[in-house]
Structure formats: C-alpha cells, structure tokens
Amino acid sequence: MYRYLYIRLILIASFLLSIIFGYENLYLMQFDNVSRDYQLDYLSEDLPELIKDNFRGEDYLNILYAPKIIPVLYENNSSLNDGILINGKFISSYDNIIISFEAFDVNSWEKKAFRSYYCNIDDKECIENALLVCIKENILPLFCPYYDCLGTCKGDAVKDCSGQCNGSATKDCAGQCNGNAIIDCAGKCNGLATIDNCGNCN
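The text that follows walks through the structure, step by step, so that each part is easy to find. Given the structure is predicted, the values throughout are model-derived calculations rather than measurements.

### Details of the overall build of the protein chain
Here's step 1: Each helix and strand in the protein chain was counted, giving 3 helices and 6 strands.
Here's step 2: The 202 residues of the protein chain split such that 34% are buried.
Here's step 3: Sequence-distant contacts, at least 24 apart, represent 47% of the contacts inside the protein chain between residues at least 6 apart.
Here's step 4: Just so you have it, the protein chain exposes about 12900 Å², and 51% of that area is on carbon and sulfur atoms.

Here is the structure:
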C-alpha cells in the first residue's frame with residue numbers, strides 16, 4: 001500500500017515539475033518500419049537523425065538516443081530520466097507513406113503527444129518538413145514552459161506600453177505611455193509642489 005502511494009507521489013511531483021520547468025531530455029529511437037519495406041529502411045535512422053540535427057541547437061533540451069524499450073506504466077528505467085521518449089513508426093500504403101509518433105513521459109509513461117501524417121512515398125521534402133513541423137508543434141512546447149515576446153524559451157523580453165517587444169517605452173504616473181507626468185515632492189502625480197531652498201516641500 002505504502003509503496004503504491006510512494007509511486008503515486010513521485011509521479012505527481014514529476015508532473016508538477018514538468019509543468020513549471022519543462023522537461024530536460026529528449027530521447028530518440030529508431031522509427032519502426034512496420035511494413036518491412038526494405039526500400040524505406042533508411043528512414044528508420046534518418047528520421048530520428050533529422051530531429052537531432054534540426055533541434056540540437058536548442059539550449060533548453062538535451063537530445064539523446066535511448067534503447068528500444070516498450071513503455072510500461074510504473075516501470076522504472078534508470079537510464080531514462082526527466083524527459084520525453086519519442087516512439088515512431090512508418091508504414092507504406094500504395095504510393096504513400098504514413099508516419100506517426102507517440103511521445104511518453106519517461107518517469108510516468110504518460111502519453112504526452114501523438115501525431116500522424118502521410119506523404120507520397122517519393123516526396124522526401126514532405127516527409128522531412130512535416131516531421132519537423134510536428135516536433136515543433138507537439139514536442140518542443142513540452143520542454144519550454146513559456147516563451148517571451150521574442151520567441152525565446154524562458155527569455156525575459158516583454159512588450160512595453162506601446163506594444164513593442166523589448167522596447168523602452170514606459171508609463172508615467174498618470175498612466176500615459178511615454179507621457180511626461182511626474183510625481184512631485186508631495187507625492188502627487190503631476191502636482192505643483194516643489195522643494196524650496198531650505199529643502200522643504202511646498
């Protein structure tokens with residue numbers, strides 16, 4: 001009973017931390033050639049390599065290769081931690097290829113994302129570009145809890161009062177953007193009180 005409660009607490013803590021800070025590691029495996037079409041065997045390695053090559057420059061995630069494992073709820077794998085595992089596959093259907101992937105939290109094995117798309121079997125540009133779009137839309141947001149107005153993950157750029165990202169415009173004490181109202185020595189916005197020669201506010 002206590003062991004089950006302990007596992008539940010770990011999973012809840014992992015879920016909350018992932019929401020606040022995002023995940024850290026992206027684990028890749030070879031995509032499974034379900035149809036066993038030897039002409040498409042190259043995609044098993046090319047697709048995860050495509051993900052690695054295009055997103056390894058993102059400083060908020062580490063891209064690693066994982067062994068081929070079957071996700072099982074509550075099963076602990078010490079080699080995988082604080083990350084998302086992409087389990088992908090593809091199948092040929094006449095002149096088309098159908099590519100899909102699932103994304104799992106490696107600590108809880110909760111499914112976090114699923115995408116599927118198809119292209120003409122000879123359309124390499126479609127195959128690659130569609131995969132990258134799916135990763136950008138469904139996977140990267142799992143690693144970044146927020147983006148600033150410049151699109152930087154966990155950045156500190158904000159819009160100023162005029163709506164310009166990372167701009168320098170500020171509101172005066174009357175609430176006017178780039179206004180010239182100031183607080184006088186009496187604490188009144190746009191007041192007339194001034195400090196005399198003796199240092200007194202009048």
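### Some words on the packing of aromatic side chains
Here's step 1: Scanning the entire structure with this criterion turns up 1 aromatic pair.
Here's step 2: Each ring, one from Tyr-23 and one from Phe-143, has its centre 6.2 Å from the other, and the planes form 65°; the classification is edge-to-face. Placement of the pair is Tyr-23 in the loop between α1 (2-21) and β1 (25-28) and Phe-143 in helix α3 (residues 124-143), with a sequence separation of 120 residues. When sorted by exposure, Tyr-23 lands in the same class as Phe-143, which is buried.

### Here's the deal with the pairing of β1
Here's step 1: Every second residue of β1 is oriented toward a common face, with Asn-25 and Tyr-27 on one face and Leu-26 and Leu-28 on the other, all of them buried.
Here's step 2: Judged from the 4 bridges that link them, β1 and strand β3 (residues 62-65) form a sheet pairing that is parallel. Across the sheet, the residue bridging to Leu-26 is Ile-63, located in β3.

### Considering the nonpolar core
Here's step 1: Membership of the largest hydrophobic core comes to 35 residues, with the highest contact counts inside it found for Leu-26, Ile-51, Ile-86, Leu-131, Ile-135, Ile-139 and Phe-143.
Here's step 2: When residues of this core are traced back to their parent elements, those giving at least two are β1, α2 (42-55), β4 (83-93), β5 (96-105), β6 (111-120) and α3.
Here's step 3: Not counting the four nearest positions on each side in its chain, Ile-86 is found in contact with Leu-26, Tyr-27, Leu-28, Met-29, Phe-31, Ile-51, Phe-101, Glu-102, Ile-135 and Ile-139.
Here's step 4: Within the second largest apolar cluster, 8 residues are counted, among which are Met-29, Leu-85, Phe-104 and Val-106.

Procedures and definitions
- Residues take numbers from 1 onward in each chain, read along the sequence in its written order.
- Local features are withheld for residues below a pLDDT of 70 in this predicted model, meaning they are given only at 70 or higher, and side-chain atom pairs are given and counted only at 80 or more; totals for whole chains, interfaces and linings count all residues.
- The side-chain quantities take in all heavy atoms of the structure and omit both hydrogens and water.
- Comment: elements are numbered from the N terminus, with helices defined as DSSP H or I runs of at least four residues and strands as E runs of at least two.
- Partly exposed residues are those whose accessible area sits between 20% and 50% of the maximum for their type, while under 20% is buried and over 50% is exposed, using a 1.4 Å probe and protein chains only.
- The contact rule is simple, with two residues in contact once any of their heavy atoms fall within 4.5 Å.
- With residues, only the protein chains shown are counted as cover, and all accessible areas are computed by Shrake-Rupley using a 1.4 Å probe.
- Only Phe, Tyr and Trp rings take part, Trp by its six-membered ring, and two of them pair if their centres are within 6.5 Å. Stacked means planes under 30 degrees apart, edge-to-face means over 60, and tilted covers everything else.
- The pairing criterion for strands is at least two bridges between them, as found by DSSP.
- Here, the term nonpolar core denotes a set of buried Ala, Val, Leu, Ile, Met, Phe, Trp, Tyr and Cys residues that are joined through side-chain atoms within 4.5 Å.

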